[in-house]
Structure formats: C-alpha cells, structure tokens
Amino acid sequence: MFNFLNKKDRTPPALPQGTVRRRYSIEGQVQGVGFRYRARYAAQTLELTGWVENEDDGSVTLEVQGDPDQFMRLFAMIQKSDYIRITGIRQKDLPPDPWERGFSVRGY
C-alpha cells in the first residue's frame, strides 16, 4: 500500500556550475564581536550556503559554498565593523555538498 515511500530518489541535486566549497580558519578579534551573525547575514545576502562556528582557541571556522567570486565580498561585508579584526586566514578546499541548504550559526 505504501510502496512509494520505499522508492525515494536519492540522486543528489545538481549544483550550479562552478560551485566551490571552502573551509576558512579565521584568527584575530573574531569572537564576542558579532562575527558569526554578520557572516550569516552576509552569506544569506550573497546566496551562499554553509556554517560558522567559534573554536576553543579563539578563532572562528567558516565553511562556505557557492560562487567563489562572492567569497571576497562575503569577507568585505563581515569586516564592515569597528570591532572585527581579522589577522589571519587559512583556507582549505572541500568537495561541494549538493544537499546543503542555507547558512547556519553553530554553537550558540
């Protein structure tokens, strides 16, 4: 009777051509200054997906996916603050996640 429930299409959705995913480790004055919420706002504005999270060592991890031309705009929007000071960024390329939707703040 409910056989249609067992036949779900598990094919991942197609990503726009050129989609890139990167993990950034960001150091500086980035905790306690609204960094994560500015990152979420900027990412949503630029139609990027991913997440951002504070780390125990005082850095922030930002994983973002989308058009790589938008990534520098993302950082420009985040840094439009008198309080946020980025002193170092490390990046690592990752395989894109076709199932990801939206941008979230982790570790409230």
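The following paragraphs examine the structure supplied in this document.

Cut-offs used in this document
Residues numbered from 1 in each chain as written. Predicted model: local features only at pLDDT ≥ 70, side-chain atom pairs only at ≥ 80, totals over all residues. Heavy atoms only, no water. Axes fitted to C-alpha atoms, helices over the stretch in contact; angles between N-to-C directions. Helix = DSSP H or I, 4+ residues; strand = E, 2+ residues; numbered from the N terminus. Parallel < 35°, antiparallel > 145°, perpendicular 65-115°, else oblique. Left-handed = near helix turned anticlockwise from the far one by under 90°. Contact = heavy atoms within 4.5 Å. Nonpolar A, V, L, I, M, F, W, Y, C, P; charged D, E, K, R; others polar. Pairing = 2+ DSSP bridges. Buried < 20%, exposed > 50% of the residue type's maximum accessible area, 1.4 Å probe, protein only. Arc of directions from axis to C-beta. Phe/Tyr/Trp six-rings, centres within 6.5 Å; stacked < 30°, edge-to-face > 60°. Lys NZ or Arg CZ within 6 Å of the ring centre and 35° of its normal.

Look at helix α1 (residues 35-45) against helix α2 (residues 71-78): their axes get within 9 Å of each other, and the N-to-C directions meet at 140°. On the basis of their axis angle, the class for α1 and α2 is oblique. Taken as a pair, α1 and α2 cross one another with a handedness that is right-handed. In contact with Phe35, Arg38, Ala39, Tyr41, Ala42, Ala43 and Thr45 of α1, α2 contributes Leu74, Met77 and Ile78. Per-class residue counts for the contact of α1 with α2 are eight nonpolar, one polar and one charged.

Here the focus is the sheet that holds strand β2 (residues 49-54). Read from one edge to the other, the open sheet built from five strands follows the order β4-β1-β3-β2-β5, with strand pairing classed as mixed. Each having just a single partner strand, β4 (85-94) and β5 (103-106) make up the two edges of the open sheet. Taken over all neighbouring pairs, the strand axes of this sheet differ in orientation by 15° on average, direction set aside. Where β2 lies against strand β3 (residues 60-66), six bridges are found, and the strand directions are antiparallel. Across the sheet, residue Trp51 finds its bridge partner in β3, namely Glu63. Contacts between α1 and the sheet are confined to β1 (20-29), β2, β3, β4 and β5, with β5 contributing the most and set at about 170° to the helix. Helix-sheet contacts for α2 involve β1, β3 and β4, and the interaxial angle to β3 is about 140°.

Turning to α2, a few remarks are in order. Restricting attention to buried positions, one finds in α2 the residues Phe71, Leu74, Phe75 and Ile78. For α2, the angular spread of buried residues about the axis comes to 95°, placing them on one side. Those residues of α2 that are buried lie in contact with β1, α1, β3 and β4.

As a further point, take the pairing of β1. Examined bridge by bridge, β1 and β3 share seven bridges and lie antiparallel to one another. Following the sheet pairing, Ser25 is matched in β3 by Thr61.

So, on to the packing of aromatic side chains. In this description, a pair of aromatic rings is defined by centroid distance and the angle of the planes. The tally for this structure, following the rule as stated, stands at two aromatic pairs. Ring geometry for Tyr24 against Phe71: centres 6.4 Å apart, planes inclined by 85°, an arrangement best described as edge-to-face. You can see Tyr24 sitting in strand β1 and its partner Phe71 sitting in helix α2, a full 47 residues away along the chain. The pair Tyr24 / Phe71 is uniform in exposure class, with both members buried. With 4.9 Å between their ring centres and 80° between their planes, Tyr24 and Phe75 make a pair best called edge-to-face. With Tyr24 in strand β1 and Phe75 in helix α2, this pair connects stretches of sequence that are 51 residues apart. A relative accessible area of 2% places Tyr24 in the buried class. One aromatic cluster is present, built from ring pairs that chain together Tyr24, Phe71 and Phe75. Taking the ring centre of Trp51 as reference, the NZ or CZ of Arg106 above it sits at 3.9 Å.

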